[in-house]
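Listed here are the chains, written in short residue letters.
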Amino acid sequence: MALAQQKALLIKGDRHMFSSSDDSVVMKQILATHSPDGRDIDVRPLLHVVEDVLQRATPIVAPHVQDEVVEDKLQHNGTAGMLEALAYTINRISSEISFKCTEGGEPHATTLAVFNNLSSYPWDAKVVMALAAFAVSNGEFWLTAQLHTVNPLAKSIAALKQVPEILEHLEVLKPRFDALETLKKAMLDVTKCIIAFKELPGEYIAPDNQSMTIAMTHIPTAAYWTIRSVVACASQIIGLIGIGHEYIASTTEIWELSSLAHKVNNIHEHLLKQLNLCHQHIAEKKHLEAYQMLVRLFETVHIDNLKILKALIYSKDDLPLVDGTTKRRVNVDVLRRKIVILLISNLDISNEKVYVLAQIYSDTQQGKLERPYEVVWLPVTDGGAWTEAKQDAFNRQVSIMPWYYLYHPSLLDPAVTKYIRDFWHFDKKPLLVVLDPQGRVVCPNAFHMTWIWGSLAYPFTSTREEALWKDEKWSLEFLIDEIDPVILSWVKEGRFVCLYGGEDIGWIRRFTTVMKRVAQEARISLEMIYVGKSNPNQRVRRVVNTIAEENLSSYWQDLAMMWFFWVRLESMWHSKMQHGRTIENDPIMQEVMRMLSFDGSDEGWALISRGSTEIVKSHGKKIVDCLTDYDTWKESVEQEGFLLALENALRPYQTHEHCTRLILPGNTGTIQEKVVCAECKRPMEQYILYRCCTD
């Protein structure tokens, strides 16, 4: 039979199959050949070799493929023996495909013959072995083409196959070679997908899973069209031999190859969709399993904290942590039998929080050979794509952290994130969860006691927090703590100290002016200092600048000091609430509530003190009006003392009409059903307030 007639039959056969609407008949034939004998063959190493051959078996080999050293994957895990067992079948199929294509065999019949030869093998092995059979003939042809100019044997074989003639017409044949490469890639993609389904872990996905069932139904079709494509590719390579310069690539043939590639790619997309659904199902099962394991671990008593820490901090990585001081990666074992404080936050934790916590962290080390506890940052991300912006934010944070942190946020398992949200109620606002040396949670959030007492809060347990409150009383020293040592020195010297705040510069001018005049007339040594607002912003910065320019009073130039002053007050509120205290049964709670209501007000406020516990405070208009009327009560100053006289003078200005607001930023953990007004002791109405300052 003439070569042209053979090629015409091939084209006609393929066209017939593409136009056939009865694929079910074909698949019945294919399924009838399938009679696996139960052998479990790991074909992935064989596929690696096949893929390497197909990458190199081209007219022009890419440099990165040509130069790289290929690892002999068949020398591992006994796979060389597996190849030895399969080699005969692979070469027999290669010969049969070559013979039938040379004789002009009908493509479907040739494909069916391959399936008959592979009837005892599973679907993934059928496809890989058919690809291997094609790789043998295709590789031999192009090996000859690549070596014929440097190897005498290859030169003689190339002459018999007329390879030089073919290479002279590469430009004319380029559309055909391009179509072949596209089809080969599609075949490999489907093959990898079929293998991936076989490798899915049975303990996490059952055969009756919907996505698995759909995939298993379509894998025979995928195998058929992949092997059908093998036959088409083989016929194209065989068709090159002996035609030389007389051959001009047929547009129809190229179209047939492209159509096959399109069909195989569609099959791959469908299988890949189901495979992704299976992986999603498996991930969910693994996630649930890891989550339940965490729950059980925290309910179990341990001799040390390593099991807990390895479950929380990616145990599959030998060095998941970085030492913030040395920047060296370390193992979780460095935390063994230590108190561990987990700093849990997103990537946007404020610098102020980090700086203050770092100061407390370093204070604990002073004078001790070894710090009695360690801090570990667990960064919780939104789970989206890891972007350059996120990496920059992560790098900025760790650059100022002296403690341990995760080498990368991706090492925080989703199950751990879920546990953190469910059991520790994390939602954007940072937490300090304290684990004792056995891994037990001894404080769900130590931020509040840390802000209030610093290193004195060690060992940061709820019991320690309660003990500290028992020894505490409301005083100016407690309110200021170590934020400003100058104020503490004023207290010791017996001076009158006035703290005031707000954003109304007009009120500030009136108050500071009248306060200075009254202090002068009362002949008291008074120091005034502006402590701003809980959310120091540009308005507060402008107020500070005005106070400095007009020399109205002292002020905190570092806005972080203002931030920390108010954070400590908020922490006092949170801490007291956690211990079930209210303004009805706790004097400190009442004072804290009043201070926070000052900050929530739109007007200014002032607190005047002498010594530790003599304190008078009031909202802005009331105290300005009272000081303005100083002449009406100045006689009582000599008899009662300035503070008592001021307190008595303020009483007529206290009215039943008031508007008290309590603003606590972010999530407070639990919403209290009842909050009592610090002014009138009546229940306050409950609102959810969001505030955004973008000035």
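Residues numbered from 1 in each chain as written. Predicted model: local features only at pLDDT ≥ 70, side-chain atom pairs only at ≥ 80, totals over all residues. Heavy atoms only, no water.

**Notes on empty space enclosed by the protein**
Right, so step 1: Tallying each qualifying case throughout the model produces three cavities of 30 Å³ or more.
Right, so step 2: Here the largest cavity defines a volume of roughly 70 Å³.
Right, so step 3: A57, T58, P59, F134, N138, W142, F177, L180, E181, K184 and I237 together form the lining of the largest cavity.
Right, so step 4: It is helix α10 (residues 170-198) that contributes the most residues to the lining of the largest cavity, four residues altogether.
Right, so step 5: A class-by-class count of the residues in the lining of the largest cavity yields seven nonpolar, two polar and two charged.
Right, so step 6: By volume, the second largest cavity amounts to about 40 Å³.
Right, so step 7: Along its surface, the second largest cavity is lined by I341, L357, I360, Y361, Y373, V375, L432, T450 and F460.
Right, so step 8: Elements represented by at least two residues in the lining of the second largest cavity include exactly α14 (351-365) and β4 (373-379).
Right, so step 9: Sort the elements by how many residues they give to the lining of the second largest cavity and α14 lands first, with three residues.
Right, so step 10: Here the lining of the second largest cavity is built from residues that sort into eight nonpolar, one polar and no charged. (1 Å grid on protein atoms, 1.4 Å probe; cavity = no way out; pocket = protein on both sides within 12 Å on 5 of 7 lines; lining within 4 Å. Points joined across faces, edges and corners; volume = space filled by probe spheres on them. Helix = DSSP H or I, 4+ residues; strand = E, 2+ residues; numbered from the N terminus. Nonpolar A, V, L, I, M, F, W, Y, C, P; charged D, E, K, R; others polar.)

**Description of the packing of helix α2 (residues 23-33) against helix α11 (residues 210-240)**
Right, so step 1: Across the interface, α2 lies against α11 with an axial gap of 10 Å and an inter-helix angle of 95°. As the angle between them shows, α2 and α11 are arranged roughly perpendicular. Contacts from V26, M27, I30 and L31 of α2 reach α11 at P220, T221 and Y224.
Right, so step 2: Taken together, the residues of the contact of α2 with α11 break down into six nonpolar, one polar and no charged. (Axes fitted to C-alpha atoms, helices over the stretch in contact; angles between N-to-C directions. Parallel < 35°, antiparallel > 145°, perpendicular 65-115°, else oblique. Contact = heavy atoms within 4.5 Å.)

**A closer look at the packing of aromatic side chains**
To describe a pair of aromatic rings, you give the distance between the ring centres and the angle between the ring planes.
Right, so step 1: By the definition in use, this model includes 35 aromatic pairs.
Right, so step 2: Plain terms: the ring middles of Y291 and F423 are 6.4 Å apart, the flat faces sit at 50° to each other, and that makes the pair tilted. With Y291 in helix α12 (residues 251-299) and F423 in helix α16 (residues 414-423), this residue pair connects regions lying 132 residues apart in the sequence.
Right, so step 3: Residue Y291 is classed as buried on the basis of its relative accessible area, which comes to 12%.
Right, so step 4: Assessed through its relative accessible area of 39%, F423 is described here as partly exposed. (Phe/Tyr/Trp six-rings, centres within 6.5 Å; stacked < 30°, edge-to-face > 60°. Buried < 20%, exposed > 50% of the residue type's maximum accessible area, 1.4 Å probe, protein only.)

**Concerning the pattern of salt bridges**
Right, so step 1: Enumeration according to the criterion identifies 22 salt bridges in this entry.
Right, so step 2: Of the charged contacts, one joins K198 and D40 as a salt bridge, the two residues approaching to 3.0 Å between their closest N and O atoms. In this pair, K198 sits in helix α10 while D40 sits in the loop between α2 and α3 (44-56), placing the two residues 158 residues apart along the sequence.
Right, so step 3: Between K390 and D382 there is a salt bridge, with its nearest N and O atoms 2.7 Å apart.
Right, so step 4: What makes K390 buried here is its relative accessible area of 16%.
Right, so step 5: Sharing partners across several salt bridges, the network here consists of D40, D124 and K198. (Salt bridge = Lys/Arg side-chain N within 4 Å of Asp/Glu carboxyl O.)

**A word on the sheet that holds strand β12 (residues 614-619)**
Right, so step 1: Ordered by their spatial adjacency, five strands build an open sheet running β10-β9-β8-β11-β12, and the pairing between neighbours is mixed. Across the chains shown, the open sheet's two edge strands, defined by having one partner strand only, are β10 (554-555) and β12.
Right, so step 2: Alignment of strand β8 (residues 496-501) against strand β11 (residues 605-610), held across six bridges, turns out to be antiparallel. Following the sheet pairing, G501 is matched in β11 by W605.
Right, so step 3: Sheet contacts for helix α23 (residues 559-578): β8, β9 (526-532) and β11; angle to β9, the most-contacted strand, approximately 85°.
Right, so step 4: Running at roughly 110° to β12, helix α25 (residues 620-628) makes contact with β11 and β12 of the sheet. (Pairing = 2+ DSSP bridges.)

**Brief notes about the layout of surface pockets**
Right, so step 1: The space that makes up the second largest pocket amounts to roughly 550 Å³.
Right, so step 2: Residue lining of the second largest pocket: 23 residues in total, with V356, D481, E482, I483 and F564 positioned closest to the centre.
Right, so step 3: In terms of residues, the lining of the second largest pocket owes the most to one element, α14, which gives six residues.

**A word on α16**
Right, so step 1: Taken together, the buried positions of α16 are A415, V416, T417, Y419 and I420.
Right, so step 2: Near the N-terminus of α16, the side chain that reaches the backbone nitrogen of A415, with its oxygen 2.8 Å away, is that of D413.
Right, so step 3: Downstream of α16 by one or two residues, H425 has phi in the positive range, about 55°. (Polar contact = N/O pair within 3.5 Å; in protein donor to acceptor, adjacent residues only side chain to side chain.)

**Here we look at the side chain of H302**
Right, so step 1: Relative to the assigned elements, H302 resides in the loop between α12 and α13 (306-312).
Right, so step 2: With sequence-adjacent residues up to four places away left out, H302 is seen in contact with L297, K307, I308 and Q438.

**Notes on the pairing of β12**
Right, so step 1: Among the six residues that make up β12, five are buried, leaving the element largely enclosed by the rest of the structure.
Right, so step 2: Counting the residues that bridge the hairpin from β11 to β12 gives three residues, and of these G611 lies at a positive phi of roughly 75°.

**Section: the packing of helix α21 (residues 505-522) against α25**
Right, so step 1: Running from N to C, α21 and α25 cross one another at 35°; their axes reach a closest spacing of 9 Å. α25 is crossed by α21, and the crossing has left-handed handedness. Of the residues in α25, those in contact with W507, F511, V514, M515, R517 and V518 of α21 are G620, K621, I623, V624, L627 and T628.
Right, so step 2: In terms of residue class, the contact of α21 with α25 is built from eight nonpolar, two polar and two charged. (Left-handed = near helix turned anticlockwise from the far one by under 90°.)

**Some remarks on α23**
Right, so step 1: Spanning 20 residues, α23 covers 29 Å between terminal C-alpha atoms, matching the ideal 28 Å at 1.5 Å per step.
Right, so step 2: With 17 of its 20 residues buried, α23 lies for the most part within the structure.
Right, so step 3: The N-capping residue of α23, defined by a side-chain oxygen 3.0 Å from the backbone nitrogen of A560, is D558.
Right, so step 4: One or two positions beyond α23, positive phi appears at G580, with a value near 75°. (Expected span 1.5 Å × (residues − 1).)

**Section: the side chain of T226**
Right, so step 1: As for its position among the elements, T226 is in helix α11.
Right, so step 2: For T226, a relative accessible area of 1% translates into the label buried.
Right, so step 3: Setting aside residues no more than four positions away along its own chain, T226 makes contact with V127, M187, V190 and T191.

**Points about the nonpolar core**
Right, so step 1: Judged by nonpolar contacts, the single largest core of 106 residues is most densely connected at L499, F511, F565 and F642.
Right, so step 2: A total of 11 residues in this core trace back to one element, the largest contributor, which is α23.
Right, so step 3: When neighbours within four sequence positions are excluded, F642 is seen to be in contact with F496, M515, V518, A522, I524, W633 and V637.
Right, so step 4: The next biggest cluster of nonpolar side chains, apart from the first, holds 80 residues, and it includes I97, W123, L131 and L173. (Core = buried A, V, L, I, M, F, W, Y, C linked by side-chain atoms within 4.5 Å.)

**Focus: the pairing of β4**
Right, so step 1: With respect to burial, β4 is a largely interior element, seven of its seven residues being buried.
Right, so step 2: Covered by surrounding structure in β4 are Y373, V375, W377 and P379 together with E374, V376 and L378, the residues of both alternating faces.
Right, so step 3: Taken together, the two bridges between β4 and strand β5 (residues 404-406) define a ladder with parallel strand orientation. Bridging from a neighbouring strand, V376 pairs with Y404 of β5.

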